[in-house]
Amino acid sequence: MQNKTFYIKTWGCQMNVYDSDKIKTLLLQHGYSAVEDEKTADVIVLNTCSIRENASEKLFSLLGRIKKTNPNAITIVAGCVAQVESKKITKNTIADIVVGTHMYHKIPQLIAELKEEKLVDIEFKPYEKFDSLPVDQESSTQTGYIAIQEGCNHFCTYCIVPFTRGREYSRPAEDIVAEAKHLISKGKKEIFLLGQNVNCYKTDNDDFADLLYKVAEIPGVERLRYMTSYPSDMTDRAIEAHKNIPNLMPYMHLPAQAGDSDVLKSMNREYTVEEYLEKIDLVYKARPDIAITSDFIVGFPGETEEQFQRTVELVKKVKYASCYSFKYSPRPGTPAEKMEQMPEEIKEKRLAILQATIKEYQQKFNNKFIGKTVHVLVEKVENGQLNGRGEHFQSVFANNEDKSLVGSIVAVKITSAGTNSLTGELV
Ligand code: SAH
Ligand code: SF4
Ligand code: F3S
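Report follows, based on the coordinates. What you see as residue numbers is a count from 1 along each chain, following the sequence as written. Whichever chain is written first becomes A and whichever ligand is written first becomes 1, with later ones labelled in order. For a predicted model such as this one, the threshold for reporting local features is a pLDDT of at least 70, and the threshold for listing and counting side-chain atom pairs is 80 or more; totals across whole chains, interfaces and linings nevertheless cover every residue. With hydrogens and water excluded, all non-hydrogen atoms of the structure serve as input to the side-chain values.

## Re the layout of surface pockets
What counts, and what does not: Put plainly, a pocket is an open set of points on a 1 Å grid over the protein atoms alone with protein on both sides within 12 Å along at least five of seven lines, a cavity is a set where a 1.4 Å probe fits but cannot get out, and a lining residue has an atom within 4 Å of a point. Grid points are joined across faces, edges and corners, and a volume is the space filled by probe spheres set on the points. Secondary structure elements are defined from DSSP: runs of H or I of at least 4 residues count as helices, runs of E of at least 2 residues count as strands, and each element is numbered from the N terminus. Think of it as three bins: nonpolar holds Ala, Val, Leu, Ile, Met, Phe, Trp, Tyr, Cys and Pro, charged holds Asp, Glu, Lys and Arg, and polar takes everything else, Gly as well.
Approximately 420 Å³ is the volume attributed to the second largest pocket. Lining of the second largest pocket is provided by 19 residues; of these, Val17, Ser20, Asp21, Lys24 and Ser139 occupy positions nearest its centre. Elements supplying a minimum of two residues to the lining of the second largest pocket: strand 1 (5-10) and helix 1 (14-29). At seven residues, helix 1 tops the list of elements feeding residues into the lining of the second largest pocket. Of the residues assigned to the lining of the second largest pocket, the class counts are eight nonpolar, six polar and five charged.

What follows is the structure in structure tokens.
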């Protein structure tokens, strides 16, 4: 056994959190121990995100700091920036190893092989990654996360993900079911299926709806969730699953991106606003109380004031439970980067307007729960309060000292609602 320490820093989406957890498991299996500070670690892993410009800038500033505070550590850059900017990283920073989004399983081997020369491995081999990474999960949450697919074939004109994660790859359903059973046997209560576009999931035998039924029926899966879905790939059967599967939680993240069909077209989203709204109708018919959430981009090249207003209208029409919204950020090598860009002030103004509307509807959605009982999967009990997620994925708080409730599902009667959480009393 080696007596070396490692530190992992993670930026970005749930997939990156999932990947970092696997890297952590792998390094622990190789005899390393984890530390919480990059200054004392022998090995530093930076798992990066490239979705917007400021996400990748953070990497370069941290690498600059590490050069001063811990220059002798083995520094590994992993993730989406590593995949697309390996040359810049090896040329301009102290990083020793650059490892792409499909090559995490090679980290221990690359550390062993490292001599004077910097090492780079950015091949796309999703099957090899999923076959080689450990199925155990280090993070102690009540939720077991499983990547069911990786990559994207949609090529939205603003997005870097098809270049950082490669083409769509769906894991065999048997492997996913086995991983879910394993996580349940380790005490997880909820299974969360992850992917860049989970509902594009497709193998020779199964589509996404089939997979939902297969995972939901595993004994011990008290709750099932998934993220993210692409609107036009949401099939009637996958929508119907929300009516038919009792342990599939009433929550759907269905990013619209914009409320104007011409903007959607220029983004290369494969649906119109009307088609999006038809899907939403079907979803509400299948599960009237469902929480629908979305992502939006404002200030996409060419977006007029009227087109932006249609995005605000869409938020009001759908009555989202919550949304993420972003200013458009040009990404290297994507088609939208070459379009004529909007001034920053307009982007900022639109973002503020959209966020105010989103917040208003988020509050309205949460207010509906006052006086109702929600069922909370307890994540933690701290400072006299329990906290966990209700069925609709809101964070719920209630007064309680009993630590033995962690991991159980408790009934909480809601007494007040904020934009980001609900508060209530145990019943
Ligand atoms: N596959 C998902 C989105 C994954 S990326 C989907 O298609 O819906 C997460 C979110 O980041 C996107 O939904 C989008 O709103 C935002 N995003 C992606 N590229 C961006 C860019 N260049 N500028 C600003 N926001 C962006
Ligand atoms: Fe990016 Fe579009 Fe693929 Fe989503 S569907 S990951 S936004 S290219
Ligand atoms: Fe970021 Fe890569 Fe996820 S770009 S959002 S970490 S897929």
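## Some words on the site of ligand 1
Put simply, the test is: Here a residue is considered near a molecule or strand provided that any single heavy atom belonging to it is located within 4 Å of it. Between N or O atoms, a polar contact is any pair within 3.5 Å; within protein, one atom must be a potential hydrogen donor and the other a potential acceptor, and residues adjacent in sequence are included only when both atoms are from side chains. Accessible areas in this description were obtained via Shrake-Rupley with a 1.4 Å probe; residue shielding takes into account the shown protein chains only.
Ligand 1 sits among 16 residues. The nearest are Gln196, Gln257, Arg269, Asp295 and Ser329. Note that a nitrogen atom of ligand 1 is positioned 2.9 Å from one of the backbone N or O atoms of Gln196. For ligand 1, the protein covers 89% of the area, taking 540 Å² as the surface of the free molecule. Of all the elements in the fold, those that place two or more residues in the shell around ligand 1 are strand 13 (291-298) and strand 14 (322-327). Residue composition of the shell around ligand 1, by class: six nonpolar, five polar and five charged.

## A closer look at the site of ligand 2
As a matter of local geometry, ligand 2 sits amid Cys152, His154, Phe155, Cys156, Tyr158, Cys159, Val161, Pro162, Asn197, Tyr230 and Arg269. Of the residues contributing to the shell around ligand 2, the split by class is eight nonpolar, two polar and one charged.

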